[in-house]
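Listed below are the residues making up each chain.
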Amino acid sequence: MAAFARRKAQRLARPDPSRKRALDARAAELARLLNARESFCTTSSCDGRVMVTDTDGMGIQKKNCTWLLVTHDPCVKGDVMTALKKATGDAVFKFEPFVLHVLCRELQDAQLLHSVAVDSGFRNSGITVGRGGKITMAVRSTHCLEVPLSHKGRLMVSEEYIEFLVHVANQKMEENIRRIDRFHKGLELALEAAVPADTLFPEGPDKSHSVYVHRRKRRTAREQADPSRELEPQDDTESSLGLLAEIMI
């Protein structure tokens, strides 16, 4: 317990390593909610973004790229066309969905987050246990988009196609925001519905573990979070294969 508290204090004291040097707005709300609990510590996050990057076509793209455009909200074709005028190499149009990584004190804490994330539409979420027993829960999905637009500074597609890509990316962004909202509401309900077992059974033999007892079924929590939401079919683009490579719960 004390070791996790020390690790959390050290992590939260570090400066933000991102280019923005600050949390995105929607992720910041979730970070405040989780970090206020002793059992969780957020480590990295992104609201989801539309980007145009420019690379030299060699090496690792993430290390050898220039950001020509980045927005965490829906974009317009004009912004993309303006960004492409600055491209000198291989420009790529991307949509990257919401991602959140959380250190968890106990496995059951991670399981609680995982359950809420999957129910909210983040079906590629997973739990990993690293060296020393460090437990990390990753909230993520697979509705990404990545399309090359230019080569050596020369535009390889039509403006009509770019307009179509922007429309598709904006649809993905809107769905991304809906999933974040569902996750936030579901997480609030799940945390309120879970209490340490030793507060219910003070005479219990094991008081050293943070065991959560659910007062409501998960389905009830989902319905309260969004009463109008119907059960959704599995998204064909979603995959739970990532979970098989991680810890089986």
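Residues numbered from 1 in each chain as written. Predicted model: local features only at pLDDT ≥ 70, side-chain atom pairs only at ≥ 80, totals over all residues. Heavy atoms only, no water.

A short note on the overall build of the chain
Then comes step 1: The number of helices and strands found in the chain is 8 helices and 12 strands.
Then comes step 2: Scored against the burial criterion, the 249 residues of the chain give a buried share of 44%.
Then comes step 3: Nonlocal contacts in the chain, meaning residues at least 24 apart in sequence, comprise 71% of its contacts between residues at least 6 apart.
Then comes step 4: Accessible area of the chain: about 14200 Å², with a carbon and sulfur share of 53%. (Helix = DSSP H or I, 4+ residues; strand = E, 2+ residues; numbered from the N terminus. Buried < 20%, exposed > 50% of the residue type's maximum accessible area, 1.4 Å probe, protein only. Contact = heavy atoms within 4.5 Å. Areas by Shrake-Rupley, 256 points an atom, 1.4 Å probe, with all protein chains shown as cover.)

A short note on the sheet that holds strand S1 (residues 40–46)
Within a sheet, adjacent strands bond to each other through the backbone by hydrogen bonds, running parallel or antiparallel.
Then comes step 1: The strand order across the open sheet built from 4 strands is S1-S5-S7-S6, with neighbouring strands paired in antiparallel fashion. Both edges of this open sheet fall to S1 and strand S6 (126–129), since each of them pairs with a single strand only. The sheet shows a mean angle of 20° between the axes of neighbouring strands, direction not considered.
Then comes step 2: By the bridge criterion, 6 bridges tie S1 to strand S5 (residues 99–104) in an arrangement that is antiparallel. Counterpart to Cys-46 in the pairing with S5 is Val-99.
Then comes step 3: Seen against the sheet, helix H2 (residues 25–35) touches S1 and S5 and runs at an angle of roughly 170° to S1.
Then comes step 4: Its contacts with the sheet place helix H4 (residues 107–119) against S1, S5, S6 and strand S7 (135–139), and it is angled at close to 5° to S7. (Pairing = 2+ DSSP bridges. Axes fitted to C-alpha atoms, helices over the stretch in contact; angles between N-to-C directions.)

Focus: the sheet that holds strand S3 (residues 65–71)
Then comes step 1: The 4 strands are arranged S3-S2-S4-S8 in an open sheet whose pairing can be described as antiparallel. Edge positions in the sheet fall to S3 and strand S8 (145–148), since each has one partner strand and no second. Ignoring strand direction, the axes of neighbouring strands in this sheet form an average angle of 20°.
Then comes step 2: Here 7 bridges tie strand S2 (residues 49–55) to strand S4 (residues 90–96), and the two strands are oriented antiparallel to one another. In the strand pairing of S4, Asp-54 is matched with Ala-91.
Then comes step 3: Where helix H3 (residues 77–84) meets the sheet, its contacts fall on S2, S3 and S4, and the angle it forms with S3 comes to roughly 165°.

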